[in-house]
Structures are given as structure tokens and as C-alpha cells.
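Chain residues, written in single-letter form:
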Amino acid sequence: MTLTARVPQEERTRAMRQRLLDATVECLGEVGWSGTSTTLVSQRAGVSRGAQLHHFPTKNALVLAAVEHLSAVRRAELAAAAAELPPGRRRTRAVLDMLAAQFTSSVFAAALELWVAARTDATLREAVGPLEQRIGRETHRSTVELLGVDESQPGARELVQATLDLVRGLGLASTLTDDTRRRKRILDEWARVLDAQLVDAAGRVAG
């Protein structure tokens, strides 16, 4: 096979895998872990059952690959949202909105399904646990940078982590009911807390 013939084939293979992984994340968010099957994923992706089984012969193999894909999606979404943040005093509240959007998204819903399934599935837990730890560290580091926080200040690191715990909890609450109004009030107040207590390396109020 010539190089020119091989490259398009490789591109088609990558595109097919991408469709399968995207469809897996969509199914996890929409129908949950128990409702997600390799058959449903292949139908959603528009990929033949045989081709899907060639690359991902089991549900766990498919979902474990989707775990890494999920990480990349979440990282890209966070970076894109960060690029749109305003400067000045409105920044703190905008950062909280950005984080809240992350923790109320369909991608977070898919990740939540994996957490629940991993609690009783050792193989899945081995993949999900380290991944979530890495994502947690990345999100914490990004939040520190976006808020201009000086973590050498007493209590600053804990306030950043409390912020992430808060928005994650609000995201969990939104999975059962529309929590938009209450979430807005809580984030309005938390932005005031952060602006009052977090200072950057230059001694200025963050945000």
C-alpha cells in the first residue's frame, strides 16, 4: 500500500474512533451507565457493529478509552471558556460562572456516571481514579491562575479548593432539579467572599 493510500485510511480510522468516543460520552450523559451499550454507541456513531468491536471489543474497553477522551474534552472546554473571561472586578464572578458551567455540562454528567459505576467496578476505578485526580489538579491550577491567587497567602489554597468543592456540589444538585436561581445567589455571595479574601502576589484584591 502506498503512503498516500495509507494516510487517508489512518485519518478515516481516527475519525471513526472519535465518533465512537463522542457517542460514548453522549450516551453516558443521556442514558447513564446502565443504559449505555456498545450497540447503542455504534448506532449513535454511525459505525458498523463489526468495526466498533474491532477497536473496542467490550463496553469496558470502550468506556476506558472514553475516559481519556473525556479528559481532553473537559480540558479543551475549560481553555476555551478561560479565553473569554473579562478583566477587572467582574472577573471573579465570571470565573465562577465558567466553573459552574463546567460542572453542569453534559460532559460532567457523563463523568458522574463513570464515578458512580467505578465505585463497584475495580477495573473502571483504576482508570477513573487517577484521571479524576489529574483533572482535579489541573482545574485547581487553572483556577489559581484565572483568579490571580497567591497561594503563599494563608488560607488561599483552601479557599480555591473550597470554590471547586462548592461548584461541584452545585453541579451535583443540578442533576436532579433546575437549580439555576439558587446557584446564582450562592455564586454571587461567594464571589464577594473571594474578592474580600483572596489577594494576588502584588497585594491587590483578586478579580
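Before any of the text, the structure's been laid out above.
Summarised in this report is the structure supplied together with it. Nothing here was measured: the structure is a model prediction, and the numbers come from that model.

## What to know about the overall build of the chain
From N to C terminus, the chain includes nine helices and zero strands. The order of helices and strands in the chain, counted from the N terminus, is α-α-α-α-α-α-α-α-α. Seen through its C-alpha atoms, the chain measures out along the principal axes to roughly 65 × 40 × 30 Å. Burial analysis of the chain (207 residues in total) assigns 39% to the buried set. In the chain, the proportion of contacts linking residues at least 24 apart, taken out of those at least 6 apart, comes to 66%.

## Some details on the nonpolar core
Ranked by size, the top nonpolar core spans 25 residues in total, and within it Leu99, Val149, Leu194 and Leu198 carry the most contacts. Elements with a minimum of two residues in this core: helix H5 (91-102), helix H7 (122-147), helix H8 (156-174) and helix H9 (180-197). Leu28, Leu70, Ala117 and Ala118 belong to the second largest nonpolar core, which has 16 residues in total.

## Points about the packing of H5 against H8
Interaxial distance between H5 and H8 falls to 8 Å at its minimum, and their mutual angle equals 45°. With respect to their mutual orientation, H5 and H8 come out oblique. Here H5 and H8 pass one another in a crossing that is right-handed. Contacts between H5 and H8 involve Leu96, Leu99 and Ala100 from the former and Thr163, Leu164 and Val167 from the latter.

## Side note on the layout of surface pockets
Within this model, the largest pocket holds a volume of roughly 430 Å³. For the largest pocket, the lining is made up of 26 residues, of which Arg74, Leu78, Ile135, Glu138 and Thr139 are closest to its centre. Secondary structure elements with two or more residues in the lining of the largest pocket: helix H4 (59-82), H5, helix H6 (106-118), H7 and H8. If you tally residues by element for the lining of the largest pocket, the top one is H7, at 10 residues.

## Digging into H9
Under the 1.5 Å per step criterion, the end-to-end length of H9 is 26 Å for 18 residues, consistent within 8% with the ideal 26 Å. All of the buried residues in H9 are Arg183, Leu187, Trp190, Ala191, Leu194 and Asp195. Along the axis of H9, the buried residues cluster in a sector spanning 140°; they form a single face. The exposed residues of H9 that point more than 90 degrees off its buried face are Arg181, Arg185, Ala196 and Gln197. Its buried side turned inward, H9 meets H5, H7 and H8.

## Observations concerning H6
The end-to-end C-alpha distance of H6 is 18 Å, a good match for the 18 Å that 13 residues give at a rise of 1.5 Å each. Val107, Phe108, Ala110, Ala111, Leu112, Leu114, Ala117 and Ala118 are the residues of H6 that are buried.

## Focus on the side chain of Asp195
With respect to the secondary-structure elements, Asp195 resides in helix H9. In this structure the side chain of Asp195 is engaged in a polar contact, spanning 2.7 Å, whose partner is the side chain of Thr92.

## Overview of the packing of aromatic side chains
All told, the structure shown has two aromatic pairs when counted by the stated rule. Ring geometry for Phe103 and Phe108: centres 5.3 Å apart, planes at 80°, overall edge-to-face. Given the relative accessible area of 2%, Phe108 is considered buried. By way of ring pairs, the aromatic residues Phe103, Phe108 and Trp115 are connected into one cluster. Its end group placed over the ring of Trp33, Lys59 keeps NZ or CZ at 4.1 Å from the ring centre.

Here is what the cut-offs are and how they apply
- Residues numbered from 1 in each chain as written.
- Predicted model: local features only at pLDDT ≥ 70, side-chain atom pairs only at ≥ 80, totals over all residues.
- Heavy atoms only, no water.
- Helix = DSSP H or I, 4+ residues; strand = E, 2+ residues; numbered from the N terminus.
- Buried < 20%, exposed > 50% of the residue type's maximum accessible area, 1.4 Å probe, protein only.
- Contact = heavy atoms within 4.5 Å.
- Core = buried A, V, L, I, M, F, W, Y, C linked by side-chain atoms within 4.5 Å.
- Axes fitted to C-alpha atoms, helices over the stretch in contact; angles between N-to-C directions.
- Parallel < 35°, antiparallel > 145°, perpendicular 65-115°, else oblique.
- Left-handed = near helix turned anticlockwise from the far one by under 90°.
- 1 Å grid on protein atoms, 1.4 Å probe; cavity = no way out; pocket = protein on both sides within 12 Å on 5 of 7 lines; lining within 4 Å.
- Points joined across faces, edges and corners; volume = space filled by probe spheres on them.
- Expected span 1.5 Å × (residues − 1).
- Arc of directions from axis to C-beta.
- Polar contact = N/O pair within 3.5 Å; in protein donor to acceptor, adjacent residues only side chain to side chain.
- Phe/Tyr/Trp six-rings, centres within 6.5 Å; stacked < 30°, edge-to-face > 60°.
- Lys NZ or Arg CZ within 6 Å of the ring centre and 35° of its normal.

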